[in-house]
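Observations on the three-dimensional arrangement
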Amino acid sequence: MKAHRSLQRLVRFFLSIFLPERCPLCGEEPPMDDSPDMFCKNCLMSMQFIHGKPCPVCGGDINGIFDTCPDCLAEPARPWKRAYAIFRYKEGAAVAVRKFKYGKEVALARPFGRLLAGTIEHPEQYSEIVPVPLHWIRFIQRGYNQSVLLGEELSRWTGIPLKRRLKRIRNTKHQAFLEKEERKTNIKGAFSVRKPEQIKGKRVLLIDDVMTTGSTLAECAEILTNAGAIVDIAIIARRQTR
Ligand SMILES: [Zn+2]
Ligand SMILES: [Zn+2]
């Protein structure tokens, strides 16, 4: 894997001499700082970044007069302490996340990882990054786990090690096709913790691509918490209803 990465870097270096970098999303414009880890200006302007002080529960926009956003106020308490997100899940950001998740556009992990790293406060407080796992059947169908790719990039920018701490022990229906209550029962008992003794008393950063109802993240955070860890979450985009 390491040798493969070095080879990739070498190839990219030689290509960059002849071909200027292109935005990994549109493939047309040069990236903002000519780096493969950033989008171009047009793509960035099509994405709605979370601005100001974020909702501590979901990392999204506050959208109101309370400390917590209306979507989170309507939910029961979450099994994590705080959350980080880059975008609202809409417009350009939703297009980019769907391409990353379903369109095999794995190069998008790079700008996502870099932007997400910029939101994390005191990275040194986290002992590890924990990606939400895919069941192996889904992994074979898709060819990659987008949360792991995101985690590798986030790890590269923050220095927090990535650990595949969670294991999917049961395949589940696609959450995207289910209602909120169905999502909770669908995901219940779908994961287990590898070597739980290693995270006892540690603060970990659980990551996924999108948070909609948050039931997958809640199930993962709950079993990590049961193993004695303190959990924060980080996502690329948060889907909010207002
Ligand atoms: Zn672009
Ligand atoms: Zn919220």
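The text that follows walks through the structure, step by step, so that each part is easy to find.

So, about the overall build of the protein. A tally of regular secondary structure across the protein gives 9 helices and 6 strands. Here the C-alpha atoms of the protein give a radius of gyration of 18 Å, agreeing with the 18 Å that 2.2 N^0.38 yields for 242 residues. When its C-alpha atoms are laid out on the principal axes, the protein stretches across 55 × 45 × 35 Å. For the protein, the residues scored as buried account for 38% of the 242 residues in total. Sequence separation of at least 24 residues holds for 70% of the intrachain contacts in the protein that already meet a minimum separation of 6.

Attention shifts here to the packing of helix α5 (residues 109–117) against helix α7 (residues 146–158). α7 packs onto α5 with a crossing angle of 50° between their chain directions and a minimal axis gap of 8 Å. Classed by the angle they form, the pair α5 and α7 counts as oblique. Pair α5 / α7 crosses with right-handed handedness. Between α5 and α7, the residues in contact are Ala109, Arg110, Phe112, Gly113, Arg114, Leu116 and Ala117 and Leu149, Leu150, Glu153, Leu154, Arg156, Trp157 and Thr158, respectively.

A separate point is helix α4 (residues 91–102). Look at α4: 17 Å from first C-alpha to last across 12 residues, which is about the 16 Å you get at 1.5 Å a residue. For α4, the full list of buried residues reads Ala93, Ala96, Val97 and Phe100. The buried side chains of α4 occupy one side of the element, clustering within an arc of 95° when seen end-on. Each element contacted by the buried residues of α4 is listed here: β1 (83–88), α5, α7, β5 (203–211) and β6 (230–238). Lys104 lies just past α4 and shows a positive phi near 60°.

Rules behind the numbers
Residues numbered from 1 in each chain as written. Chains lettered and ligands numbered in written order. Predicted model: local features only at pLDDT ≥ 70, side-chain atom pairs only at ≥ 80, totals over all residues. Helix = DSSP H or I, 4+ residues; strand = E, 2+ residues; numbered from the N terminus. Rg over C-alpha atoms; globule rule 2.2 N^0.38 Å. Buried ≥ 20, exposed ≤ 12 C-beta atoms within 10 Å, placed from the backbone. Contact = placed C-beta atoms within 7 Å. Axes fitted to C-alpha atoms, helices over the stretch in contact; angles between N-to-C directions. Parallel < 35°, antiparallel > 145°, perpendicular 65-115°, else oblique. Left-handed = near helix turned anticlockwise from the far one by under 90°. Expected span 1.5 Å × (residues − 1). Arc of directions from axis to C-beta.

Limitation: the analysis is restricted to geometry and does not speak to function.
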